[in-house]
Amino acid sequence: DVKVTQSSRYLVKRTGEKVFLECVQDMDHENMFWYRQDPGLGLRLIYFSYDVKMKEKGDIPEGYSVSREKKERFSLILESASTNQTSMYLCASSFSGSPRGYTFGSGTRLTVV
Amino acid sequence: QQQVKQSPQSLIVQKGGISIINCAYENTAFDYFPWYQQFPGKGPALLIAIRPDVSEKKEGRFTISFNKSAKQFSLHIMDSQPGDSATYFCAASIKGGATNKLIFGTGTLLAVQP
């Protein structure tokens, strides 16, 4: 069964901490994405990557960075966590080329206190 | 212009009824329109998708209706079941930089009452 695995289901961090969210996919997908999900706002794209070491900003990149050193792994980094970054974070992956559906992970619920 | 507007925000339907969720967009560069279903504690999963050269696509009880001129598309769930209770997201795909990316609607929480 193909999978996108997010390393943590729940995380609680303190304001100002550096936070790493990890995502691994086993489908050999070129593209990987980080979204955050908030009630009433849907899924908003933070960053995406179309190849190893390549990244592009999404709609809400402020306060976040990403790293993709290997094809199967895409990390989201909160340089200095703030309470307004409390959210559900979803990782997804897809093949490149013509538009296709994404495969999502189960999400990481991050609470910043 | 890259937004996808989804309505209603929530929907209650009786078992056996028809659930209808609507989405609208402005950008004619969108070229693929999927719907995702999300159960509590899970990530969204692709349910059904359509391309703009087709006006309707049906898979089992789920149908997408697509109106290109009105820039609207909708999801119809026939014979709705309690197991269909979930959050549904419409989305639209656009070429963004080096690859395609999905723009999502705000979601519809569907509750099917037994």
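Cut-offs applied
- Per chain, the residues get numbers from 1 upward, laid out in the order the sequence is written.
- For naming, the first written chain is A and the first written ligand is 1, with later ones following in the order written.
- Two thresholds apply to this predicted model, a pLDDT of at least 70 for residue-level local features and 80 or more for giving and counting side-chain atom pairs, whereas whole-chain, interface and lining totals are computed over all residues.
- With hydrogens and water stripped out, all remaining heavy atoms of the structure feed into the side-chain values.
- Should DSSP find at least two bridges between two strands, the strands are regarded as paired.
- Strands here mean DSSP runs of E at least two residues long; helices mean DSSP runs of H or I at least four residues long; both are numbered from the N terminus.
- Lines fitted to C-alpha atoms define the axes here, with helix axes fitted over just the stretch in contact, and angles between the N-to-C directions of these axes take values from 0 to 180 degrees.
- The cut-offs for exposure are 20% and 50% of the maximum accessible area for each residue type, with area from a 1.4 Å probe on protein chains only; residues under the lower value are buried, those over the upper are exposed, and the others partly exposed.
- The contact criterion used is simple: two residues touch if any of their non-hydrogen atoms lie within 4.5 Å.
- A quick way to say it: buried area is the sum, across both parts, of accessible area lost when two parts are put together, with a 1.4 Å probe.
- Here a polar contact means two N or O atoms within 3.5 Å. Within protein one must be a hydrogen donor candidate and the other an acceptor candidate, and residues neighboring in sequence count only if both atoms are side-chain atoms.
- Residues were grouped as follows: Ala, Val, Leu, Ile, Met, Phe, Trp, Tyr, Cys and Pro as nonpolar; Asp, Glu, Lys and Arg as charged; and all remaining residues, including Gly, as polar.
- Two distance rules govern patches: like charges are joined within 9 Å, and nonpolar side chains (Val, Leu, Ile, Met, Phe, Trp, Tyr) within 5 Å, applied only to residues with over 30% relative accessible area and no salt bridge.
- Only the protein chains shown count as cover for residues, and all accessible areas are computed by the Shrake-Rupley method using a 1.4 Å probe.
- Here, a salt bridge means any side-chain nitrogen of Lys or Arg that lies within 4 Å of a carboxyl oxygen of Asp or Glu.
- The definition used for a disulfide is geometric: two cysteine sulfur atoms within 2.5 Å.

## Structural notes on the sheet that holds strand 7 (residues 64-70) of chain A
Pairing between the strands of a sheet comes from backbone hydrogen bonds, and it takes one of two forms, parallel or antiparallel.
Residues and elements named next belong to chain A.
Reasoning step 1: Strand order in the open sheet made by the four strands is 1-3-8-7, with antiparallel pairing throughout. On the outer flanks of this sheet lie strand 1 (4-6) and strand 7, each paired with one strand and no other. Across the sheet, the mean angle from the axis of one strand to that of its neighbour is 20°, orientation sign disregarded.
Reasoning step 2: Bridge count for strand 3 (residues 19-25) against strand 8 (residues 73-78) is six bridges, and the pairing is antiparallel. Note on strand 8: the bridge partner recorded for C23 is F74.

## Brief notes about the side chain of B:T63
Reasoning step 1: Mapped onto the secondary structure, B:T63 falls in strand 7 (residues 62-67).
Reasoning step 2: Residue B:T63 is classed as buried on the basis of its relative accessible area of 9%.

## Brief notes about the interface of chain B and chain A
Reasoning step 1: The interface is formed by 24 residues belonging to chain B together with 25 residues belonging to chain A.
Reasoning step 2: Buried area between chain B and chain A, both sides added, is near 1800 Å², and the carbon and sulfur share of it is 55%.
Reasoning step 3: The largest contributions to the chain B side of the interface with chain A come from B:T99, B:K101 and B:F104, which together make up 25% of the buried area.
Reasoning step 4: For the interface between chain B and chain A, the tally reads five residue pairs in polar contact (both at pLDDT 80 or more).
Reasoning step 5: Among the elements of the structure, strand 4 (33-38), strand 9 (86-96) and strand 10 (99-104) of chain B are those that each provide at least two residues to the side of chain B that touches chain A.
Reasoning step 6: Residue contributions to the side of chain B that touches chain A peak at six residues, all from strand 10 of chain B.
Reasoning step 7: Partitioning the side of chain B that touches chain A into residue classes produces nine nonpolar, 11 polar and four charged.

## Comments concerning the pairing of strand 4 (residues 31-38) of chain A
All names here are of chain A.
Reasoning step 1: Of all eight residues making up strand 4, eight are buried, and the element is well covered by its neighbours.
Reasoning step 2: The alternating pattern of strand 4 places N31, F33, Y35 and Q37 on one face and M32, W34, R36 and D38 on the opposite face, and all of these are buried.
Reasoning step 3: One ladder, built from seven bridges, connects strand 4 with strand 9 (residues 87-94); its direction is antiparallel. In the strand pairing of strand 9, R36 is matched with Y89.
Reasoning step 4: Two successive antiparallel strands, strand 4 and strand 5 (residues 42-51), enclose a turn made up of three residues, where G40 displays a positive phi of approximately 80°.

## Section: a nonpolar patch on the surface
Reasoning step 1: There is a patch of nonpolar side chains on the surface, built from B:I18, B:I20 and B:M78 and spanning about 240 Å² of accessible area.
Reasoning step 2: By secondary structure assignment, the location of B:I18 is in the loop between strand 2 (10-14) and strand 3 (19-25).

## Some thoughts on the pattern of salt bridges
Reasoning step 1: Scanning all chains against the criterion turns up eight salt bridges over all chains.
Reasoning step 2: Here A:R44 makes a salt bridge to A:D38, at a shortest N to O gap of 2.9 Å.
Reasoning step 3: Taking relative accessible area as the criterion, A:D38 reaches 11% and is therefore assigned buried.
Reasoning step 4: B:K71 is paired through a salt bridge with B:E26; the nearest N and O atoms lie 3.7 Å apart. Residue B:K71 is found in the loop between strand 7 and strand 8 (72-77), and its partner B:E26 is found in the loop between strand 3 and strand 4; the two are separated by 45 residues along the sequence.
Reasoning step 5: Because the salt bridges share partners, they merge into one network encompassing A:R36, A:D38 and A:R44.

## Focus on the state of the cysteines
Reasoning step 1: Taken as a whole, this structure holds two disulfides over all chains when the rule is applied.
Reasoning step 2: Covalent S-S linkage joins A:C23 and A:C91, the inter-sulfur distance amounting to 1.9 Å. Given an S-S torsion of about -80°, the disulfide between A:C23 and A:C91 has left-handed geometry. With A:C23 in strand 3 and A:C91 in strand 9, this pair connects stretches of sequence that are 68 residues apart. With respect to class, A:C23 is no different from A:C91; both count as buried.
Reasoning step 3: Between B:C23 and B:C90 runs a disulfide, and the two sulfur atoms are separated by 1.9 Å. Measuring handedness by torsion sign, the sulfur bridge of B:C23 and B:C90 sits at about -95° and is left-handed.

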